[in-house]
Amino acid sequence: FDLETHNSLLEKCNKKLWENDRDIQALKRVMDDKYVIDAALKLEMTVKMDRKVDLDCIKEACREAIKRSEAGKGTNCLQQQLHRLGTYLTLGNCVRAPKT
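A brief structural summary. Since we're looking at a predicted model, the values are computed, not measured.

## Concerning the overall build of the chain
Here is step 1 of the chain: Within the chain, the secondary structure is distributed over five helices and zero strands.
Here is step 2 of the chain: Taken from the N to the C terminus, the helices and strands of the chain come in the order α-α-α-α-α.
Here is step 3 of the chain: For the chain, the residues scored as buried account for 30% of the 100 residues in total.
Here is step 4 of the chain: For the chain, contacts bridging at least 24 residues in sequence account for 49% of all contacts bridging at least 6.
Here is step 5 of the chain: With an accessible surface of roughly 7,200 Å², the chain has 56% of that area assigned to carbon and sulfur atoms.

## Comments concerning the pattern of salt bridges
Here is step 1 of the chain: All told, the structure shown has seven salt bridges when counted by the stated rule.
Here is step 2 of the chain: For Lys 34, the salt bridge is made with Asp 38, and the minimal N-O distance between the two is 2.7 Å. In this pair, Lys 34 and Asp 38 both sit in helix α3 (residues 33-50), four residues apart, roughly one turn of the helix.
Here is step 3 of the chain: With a relative accessible area of 26%, Asp 38 lands in the partly exposed category.
Here is step 4 of the chain: A salt bridge links Arg 68 to Glu 64, with the shortest nitrogen-to-oxygen separation between them at 2.9 Å. Residue Arg 68 and its partner Glu 64 are located together in helix α4 (residues 55-68), separated by four residues, close to a single helical turn. No difference in accessibility class separates Arg 68 from Glu 64, as the two residues are buried.

## Overview of the environment of Cys 57
Here is step 1 of the chain: Here Cys 57 is to be found in helix α4.
Here is step 2 of the chain: Judged by relative accessible area, which is 6%, Cys 57 ranks as buried.
Here is step 3 of the chain: In sequence terms Cys 57 and Leu 43 are 14 residues apart; their C-alpha atoms lie 9.2 Å from each other.
Here is step 4 of the chain: Each residue touching Cys 57, except ones within four places of it in the same chain, is listed here: Trp 18, Arg 22, Ile 24 and Leu 43.

## Details of the nonpolar core
Here is step 1 of the chain: Within the largest apolar cluster, 17 residues are counted, with the highest numbers of intra-cluster contacts made by Trp 18, Ile 24, Leu 27, Ala 61, Ala 65 and Leu 78.
Here is step 2 of the chain: Those elements that place two or more of their residues in this core are α2 (24-29), α3, α4 and α5 (75-96).
Here is step 3 of the chain: Examining the composition of this core, we find that six residues originate from one element, α3, more than from any other.
Here is step 4 of the chain: For Leu 78, the contacting residues outside a window of four places in its chain are Ile 37, Ala 40, Leu 41, Cys 62, Ala 65 and Ile 66.

## Focus: α4
Here is step 1 of the chain: For α4, built from 14 residues, the straight-helix expectation of 20 Å at 1.5 Å per residue is met to within 8% by its first-to-last C-alpha distance of 20 Å.
Here is step 2 of the chain: Among all positions in α4, only Cys 57, Ile 58, Ala 61, Cys 62, Glu 64, Ala 65 and Arg 68 are buried. Along the axis of α4, the buried positions cluster into a sector of 165°, meaning they face one direction only.

Reading the values: rules and limits
- Residues numbered from 1 in each chain as written.
- Predicted model: local features only at pLDDT ≥ 70, side-chain atom pairs only at ≥ 80, totals over all residues.
- Heavy atoms only, no water.
- Helix = DSSP H or I, 4+ residues; strand = E, 2+ residues; numbered from the N terminus.
- Buried < 20%, exposed > 50% of the residue type's maximum accessible area, 1.4 Å probe, protein only.
- Contact = heavy atoms within 4.5 Å.
- Areas by Shrake-Rupley, 256 points an atom, 1.4 Å probe, with all protein chains shown as cover.
- Salt bridge = Lys/Arg side-chain N within 4 Å of Asp/Glu carboxyl O.
- Core = buried A, V, L, I, M, F, W, Y, C linked by side-chain atoms within 4.5 Å.
- Expected span 1.5 Å × (residues − 1).
- Arc of directions from axis to C-beta.

Right, dumping it as structure tokens:
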């Protein structure tokens, strides 16, 4: 294998790990910024459909996508998704809080 073939194979493997297992570390290793941003933007719909993604994974994917995005390109949607996640977590903590 030459270096380009090796890198291409790693990229495909990391994408497959993300798509199949929602492996956040694999997503972070993907070099294609557009792929990472699109993956984060699609997470909310994925959760509604199969609930395979946990909240920490959504948070990490959104943060990674925001780091990679140019100002204004999907950043607002990602930030809104993070805000909804924060609201959900806050409400969850209130419901689970012990009564005093």
